[in-house]
Amino acid sequence: MAKTRESAQVLLVAYLLFCLRPAPANAATGCDLSSPDRDVPRLFPGSTSYTTRYMSLLADELSSVVTRLDARFRGLYDPLNVPYTIYEIYTGKKKVGYIHGVNQKGQFGGIQVFVSLDLDGRITAFYIQKITGPSAGTFRTPAFGNQFLGLSLRDFDSYDPVSGKGSGKLPAIRNPAPDMETDFYSILRALKKNLILMDVFIYSTTRKNP
Amino acid sequence: MIGRFRIAWKNLWRKKARTFLTVGGITLSSWVLVSLLGFNRGYENALDRDIDNMGYQLMVMAKGCPYEAATLMLQGGTGLRYIEQSTVDSVKAEPGVAMVTPILMQAYFDPNKGENGGIAGYFGVDAASYAAMKPFLRFKKGGWFIGENAEEVVMGFEAAELEQRDVGDMTFVPEKNVQLKVVGILERTGTQDDGTIFVPLKTLQRIAGTDRITTIGIKMEKDADAGGLEARLYELPNVQVVSFTQVKQTIMKLVSTARLMVFSIVIIALLIAMVGVVNTVLMSVLERLPEIGVLKAMGAMPGDIFLLIWTETLILCSCGGIAGIGLGFAFARFTGVLARRILPYAPKGGLVEIDLRLAAVTLAVIVAAGLVSGIVPAWKAGRVRPMESIRSAI
């Protein structure tokens, strides 16, 4: 009887902790890997460790990023002035690249697009951590993700992810889910945002200690 | 003519270092005491606020698995038990029940959330009764569903932010492949509602393929007999009752261990401070035996000397007590943050609430403890024999 009461109390507390839990805070902040210890080795094979850095856009950088993203579609990229999480990847003591993710509004929910980048800014892995929709799974297949390998920010110079028009390698990437076309272009926009942010934070020389 | 208070003050001022150290000890005791009393009150009030924000004081759910929400969390919604919706009418008919709201909780597996998938939770609610029970809910944008069968959702602030949803956007229920339109986004409440997606009860029942519910939230009438109502609800078939008073008591029991430990430390600190007071005042008496002897030779009665020494104790304790209370006020927020880190569960809001009444109680305790400590040295000073003490100085 005493045991039953005890377990009832434990459940009661578990229930209470659920009911009275503080609401998840800062959902609108950057985009974190849900389990970095598990995800980093998968997204960066051969890596041995990683460090986490949090970076934010400076005032002048913010306006420049908005311009580069295309001001007409600013709403799609908001909010930009949040802290961004950058995973610096190491093999032994040598830095070998970065992993960075961004949030993007999708047709049925938030989309989280991560890329692994080498030290020159080329994509070595592409990962959609979260996407919602009837054919969402097709965007998470290796077949879709592998099409982005080797691309860099330069590939977006000749391609507009808002209209879907341009030349180069990007137009060759096909939407695998016709019922989620909005999300396909959202993913491309998210990728461009991701690469621009990494250019500002890491690859451009305007900041000290990239 | 110089008064007793002034003499006592001057005496204390003669040995500044000793006086400051003693006052320091009392300050610390007073600080800890006022903070503990403030925590006692603050924690309970914060817990009450959290429970009030739930909107209901009692919950009725299916017998078997006592805590549906815990099940949702642990089993991804597969272990849910249901009650008949007719139970709502039976509950409503009970005396003492002011309002009831039926709730259907559902959780669906979303394979595209994280590496291995995640759970998407939904609350099926009857907008009218749910909103009536939580009058503090305000809309940031939009409003409640247009009808009880509407294919719509209302999202809590955090849920909308996470999913980047705005009014007019669509959401998608995984597993069931159902699309629902966002018609309202709630303002941030600081409660679990912030992370919740609300669906009209009948719509969620249709999606889930059930005509039953998982929970009934009950708001009692003011001054209703909670125990009696709980007992009557237990007589309904196949249900069990969770009372938030009971939940509060369980949490308070968990916290009481921590409180007991801190309270023991307060007692020890208070005892150390009392010993410090005895030591300081007694030393001061022993050093001033010839002076006390002169005072008595000039006609001072034992009672006058007793009161003089007691006044010194009073000054020491009052200064220390007031300084400690000041620190308690100044660092209440910091103490709350510290307590939040240590405690197994801390409700939202300030955990340490100190007001003037509490400050007065603390000061009274400190002064009373100090005066008790001062009895021995004061009594000793009062019994000094004038001739012997004057002679000892020669």
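Before reading further, recall that the structure is shown in the block above.
Conventions and cut-offs
Residues numbered from 1 in each chain as written. Chains lettered and ligands numbered in written order. Predicted model: local features only at pLDDT ≥ 70, side-chain atom pairs only at ≥ 80, totals over all residues. Helix = DSSP H or I, 4+ residues; strand = E, 2+ residues; numbered from the N terminus. Buried ≥ 20, exposed ≤ 12 C-beta atoms within 10 Å, placed from the backbone. Contact = placed C-beta atoms within 7 Å. Pairing = 2+ DSSP bridges. Axes fitted to C-alpha atoms, helices over the stretch in contact; angles between N-to-C directions. Parallel < 35°, antiparallel > 145°, perpendicular 65-115°, else oblique. Left-handed = near helix turned anticlockwise from the far one by under 90°. Nonpolar A, V, L, I, M, F, W, Y, C, P; charged D, E, K, R; others polar.

Engineer: Explain the environment of Pro302 of chain B to me, please; I cannot follow it from the model alone.
Structural biologist: Residue and element names in this part refer to chain B. The residue Pro302 is located in helix α11 (residues 302–330) in this model. Here Pro302 falls in the partly exposed class, since 14 other C-beta atoms lie within 10 Å of it. Here the alpha-carbon distance between Pro302 and Gly382, two residues 80 residues apart in the chain, equals 4.2 Å. Not counting chain neighbours up to four residues away, the residues in contact with Pro302 comprise Gly382 and Arg383.

Engineer: Is there a simple way to explain the environment of Ala360 of chain B in this structure?
Structural biologist: Topologically, Ala360 of chain B is positioned in helix α13 (residues 356–382). Since 11 C-beta atoms lie within 10 Å of it, Ala360 of chain B is described here as exposed.

Engineer: So what exactly am I meant to see when it comes to the sheet that holds strand β4 (residues 110–118) of chain A here?
Structural biologist: Backbone-to-backbone hydrogen bonds join strands into a sheet, with any given pair of strands oriented parallel or antiparallel. All names here are of chain A. Taken in spatial order, the five strands of this open sheet run β1-β2-β3-β4-β5, and their pairing is antiparallel. Since the sheet does not close on itself, it has two edges, and those belong to β1 (49–55) and β5 (123–130), each with one partner. Across this sheet, the average inter-strand angle for adjacent strands is 20°, counted without regard to direction. Examined bridge by bridge, β4 and β5 share six bridges and lie antiparallel to one another. When the sheet's bridge partners are listed, Val113 is paired in β5 with Ile128. Against the sheet, helix α2 (residues 36–43) makes contact with β1, β2 (84–91), β3 (94–105), β4 and β5, and its axis sits at roughly 60° relative to β2, the strand it touches most. This element, helix α6 (residues 181–203), spans β1, β2, β3, β4 and β5 of the sheet and lies at about 135° to β3.

Engineer: Would you take a moment to explain the packing of helix α9 (residues 244–287) of chain B against α13 of chain B for this structure?
Structural biologist: All names here are of chain B. At a minimum axis distance of 9 Å, the contact between α9 and α13 shows a crossing angle of 25°. Taken together, the axis directions place α9 and α13 in an arrangement best described as roughly parallel. The hand of the α9/α13 crossing is right-handed. Together, Leu270, Met274, Val277, Val278, Val281, Leu282 and Val285 of α9 and Ala369, Gly370, Ser373, Gly374, Val376, Pro377, Lys380 and Ala381 of α13 make up the contact between the two elements. The residue inventory of the contact of α9 with α13, partitioned by class, reads eleven nonpolar, three polar and one charged.

Engineer: How do you make sense of the pairing of strand β2 (residues 97–110) of chain B when you look at a structure like this?
Structural biologist: Moving residue by residue along a regular strand, the side chains alternate between the two faces of the sheet. Residue and element names in this part refer to chain B. Sheet analysis places β2 next to strand β9 (residues 215–220), joined by six bridges and oriented antiparallel. Each bridged residue has a counterpart across the sheet, and for Met99 the counterpart in β9 is Lys219. The sheet contact formed by β2 and strand β3 (residues 118–125) spans eight bridges and is antiparallel. For Leu104, the partnering residue across the bridge sits in β3 and is Gly124.

Engineer: Which parts of the structure should I look at to understand the packing of α9 of chain B against α11 of chain B?
Structural biologist: Two packed helices can be described by the angle between their axes and the distance between those axes. Residues and elements named next belong to chain B. Two elements in contact, α9 and α11, have axes separated by 11 Å at closest approach and are oriented at 140°. Between α9 and α11, the angle falls in the class oblique. The two elements α9 and α11 cross, and the hand of that crossing is right-handed. Each of Val277, Thr280, Val281, Ser284 and Val285 in α9 lies in contact with α11, whose residues at this interface are Ile309, Glu312, Thr313, Leu316 and Cys317.

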